[in-house]
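Residues per chain, in single letters:
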Amino acid sequence: MNVRRLIPTAAVAGAVALGLTALSACSSSGAAEGGSDGKLNVVASFYPMQFLAEEIGGSHVSVTTLTKPGTEPHDLELSPRQTGGLSEADYILFLKGVQPAVDDAVAQAGVENTVDAAELTTLENHGSEVGHDHEEGGEHGHEEGGEHGHEDEEEAGLDPHIWLDPVKYAEVAEGVGASLEKADPDHAADYRENTDTLVSELKALDKAYRTGLKDTATKTFITTHSAFGYLAERYGLTQEGIAGIDPEAEPSPARIDEIHSVAEKNNATTVFFETLASDRTARTLAKDLGLKTGVLDPLEGITDKSAGADYTEVMKSNLAALQKALGAK
């Protein structure tokens, strides 16, 4: 990560407490035996991984997420005790390149059934976009090796936001299902059935996006968080990120001029902001450019205000927001 946001101490403490409480309850002698309730003890790094584990695992898993609801996941830090607690999990599901602290902790945990979702599909480099969050990382990763020699996906310029593309997310779901079957063969049939159900839902979501965004007045949308590269590529859209990975960062005067030109040239109507960060930059820029504002949720976490909402529902809300902003017919 090249840009960092500070997480309030209370939020970090809450995440640590959540992880410790759940992980301490997950003590087991091995993946085959599971926890005291007979369920497979699964630790997910953040919401997109949690959703997969819960949907595919169903009643046979007990899922703990390391990222507390409402907490921005990129800069999550784990305590030594929380890191140590990971070794008691039966199964860990994470996405390398999103949360460096989690990547390090998982490497230390030594859990046999550890799955990196990034290895279940093909990651792409969307760093060529102006203002994209991975551009600087890509330069350092390829040309200089990075100041500290980082070799993770983001430093290499690869975009980890695969869950925002239903097709890629379905590929990951297939891989997660297969890995759960291997980790807990006694319930393999149920994991396969749950995987098939989820993949069917994701295919329906993909169809809704293809149909809903096929005929629009413009193909360009502006967002404070450059997380939608896969989604834009999948559905023939163009994402214009204001300031890269940090949705609260102040864009440079030059970037504001660029966004202004892009908006005029491509008839863009809306500046999108996300749910887990301030909307100040988006509202200020929209006011200056005479544009509207809207919410496009990168689904890195479900907030406390999202009670009852899940991945599919939020993605449908994102589709409706895009249709409105792009002038879908």
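Please refer to the structure higher up on the page.
Remember, it's a predicted structure, so these values are computed and weren't measured experimentally.

### Some details on the pairing of strand β5 (residues 220–223)
Here is step 1 of the chain: Burial of β5 is two-sided: the residues Thr220 and Ile222 facing one way and the residues Phe221 and Thr223 facing the other way are all buried.
Here is step 2 of the chain: Here 4 bridges tie β5 to strand β6 (residues 238–241), and the two strands are oriented parallel to one another. From the neighbouring strand, Phe221 faces β6, where its bridge partner is Gln239.
Here is step 3 of the chain: Relative to strand β7 (residues 270–273), β5 runs parallel, the two being bridged by 2 bridges. Pairing of Ile222 across the sheet is with Val271, part of β7.

### So, the pattern of salt bridges
Here is step 1 of the chain: All told, the structure shown has 8 salt bridges when counted by the stated rule.
Here is step 2 of the chain: Two residues, Glu124 and Lys168, come together in a salt bridge whose shortest N-O distance is 3.8 Å. Highlighted residues: Glu124 in the loop between β4 (114–116) and α5 (135–144) and Lys168 in helix α6 (residues 166–183), separated in sequence by 44 residues.
Here is step 3 of the chain: For Glu124, a relative accessible area of 24% corresponds to the partly exposed category.
Here is step 4 of the chain: Given the relative accessible area of 5%, Lys168 is considered buried.
Here is step 5 of the chain: Measuring nitrogen to oxygen at the nearest pair gives 2.9 Å for the salt bridge that ties Arg192 to Asp196. Note that Arg192 and Asp196 are positioned in helix α7 (residues 188–212) at a spacing of 4 residues, about one turn of the helix.
Here is step 6 of the chain: Salt bridges linked by common partners bring Glu174, Glu181, Arg192 and Asp196 together as one network.

### Some details on unusual backbone geometry
Here is step 1 of the chain: Even without being a glycine, Asn267 presents a positive backbone phi close to 55°.
Here is step 2 of the chain: With respect to the element layout, Asn267 can be found in the loop between α9 (253–266) and β7.
Here is step 3 of the chain: Owing to a relative accessible area of 53%, Asn267 belongs among the exposed residues under this scheme.

### Looking at the packing of helix α2 (residues 47–57) against α7
Here is step 1 of the chain: Two elements in contact, α2 and α7, have axes whose closest approach is 7 Å; the angle formed by their N-to-C orientations is 125°. It follows that α2 is oblique to α7 by the angle criterion. Contact residues: α2 offers Phe51, Leu52, Glu55, Ile56 and Gly57, while α7 offers Tyr191, Asn194, Thr195 and Leu198.
Here is step 2 of the chain: Residues that form the contact of α2 with α7 fall into these classes: 5 nonpolar, 3 polar and 1 charged.

### Concerning helix α11 (residues 311–326)
Structurally, the α-helix is built with 3.6 residues per turn, so residues lying three or four positions apart point the same way.
Here is step 1 of the chain: Here α11 contains 16 residues, and its C-alpha end-to-end distance of 22 Å stays within 8% of the 22 Å for a straight helix at 1.5 Å per residue.
Here is step 2 of the chain: For α11, the full list of buried residues reads Tyr311, Thr312, Val314, Met315, Asn318, Leu319, Ala321, Leu322, Ala325 and Leu326.
Here is step 3 of the chain: With its phi angle positive at about 70°, Gly327 sits one or two positions after the end of α11.

### Some remarks on the sheet that holds β7
Consider a sheet: its strands pair through backbone hydrogen bonds, and that pairing is either parallel or antiparallel.
Here is step 1 of the chain: The strand order across the open sheet formed by 4 strands is β6-β5-β7-β8, and the pairing between neighbours is parallel. The sheet is open, and its two edges are formed by β6 and β8 (292–295), each paired on a single side. Mean inter-strand twist for the sheet, computed between neighbouring axes without regard to direction, equals 35°.
Here is step 2 of the chain: On the sheet, α9 packs against β5 and β6 and is oriented at approximately 155° with respect to β6.
Here is step 3 of the chain: Of the strands in this sheet, β7 and β8 touch helix α10 (residues 280–289), which is tilted by about 175° from β7.

### A look at the sheet that holds strand β2 (residues 61–65)
Here is step 1 of the chain: Taking strand neighbours across the sheet as the criterion, the 4 strands line up as β2-β1-β3-β4 in an open arrangement whose pairing is parallel. If you trace the sheet from one side to the other, it starts and ends with β2 and β4, each paired once. This sheet shows a mean twist of 20° between the axes of neighbouring strands, independent of strand direction.
Here is step 2 of the chain: Across 5 bridges, the pairing between strand β1 (residues 40–44) and β2 is parallel. Across the sheet, residue Leu40 finds its bridge partner in β2, namely Val61.
Here is step 3 of the chain: Sheet strands in contact with α6 are β1, β3 (91–94) and β4, and its direction is about 170° off that of β3.

### As for the side chain of Asp90
Here is step 1 of the chain: Tracing the backbone through its elements, the reader meets Asp90 in the loop between α3 (80–85) and β3.
Here is step 2 of the chain: Lys39 provides the closest opposite charge to the buried, unpaired Asp90, separated from it by 12 Å.

### Comments concerning α10
Here is step 1 of the chain: Among all positions of α10, only Thr281, Ala282, Leu285, Ala286 and Leu289 are buried. Buried residues in α10, looked at end-on, bunch into an arc of 125°, giving them a common side. Opposite the buried face of α10, by more than 90 degrees, sit the exposed residues Lys287 and Asp288.
Here is step 2 of the chain: Packing partners of the buried residues in α10 comprise α9, β7 and β8.
Here is step 3 of the chain: In the stretch just after α10, Gly290 is the one whose phi turns positive, near 70°.

Calculation criteria
Residues numbered from 1 in each chain as written. Predicted model: local features only at pLDDT ≥ 70, side-chain atom pairs only at ≥ 80, totals over all residues. Heavy atoms only, no water. Buried < 20%, exposed > 50% of the residue type's maximum accessible area, 1.4 Å probe, protein only. Helix = DSSP H or I, 4+ residues; strand = E, 2+ residues; numbered from the N terminus. Pairing = 2+ DSSP bridges. Salt bridge = Lys/Arg side-chain N within 4 Å of Asp/Glu carboxyl O. Axes fitted to C-alpha atoms, helices over the stretch in contact; angles between N-to-C directions. Parallel < 35°, antiparallel > 145°, perpendicular 65-115°, else oblique. Contact = heavy atoms within 4.5 Å. Nonpolar A, V, L, I, M, F, W, Y, C, P; charged D, E, K, R; others polar. Expected span 1.5 Å × (residues − 1). Lys, Arg positive; Asp, Glu negative; His and termini not counted. Arc of directions from axis to C-beta.

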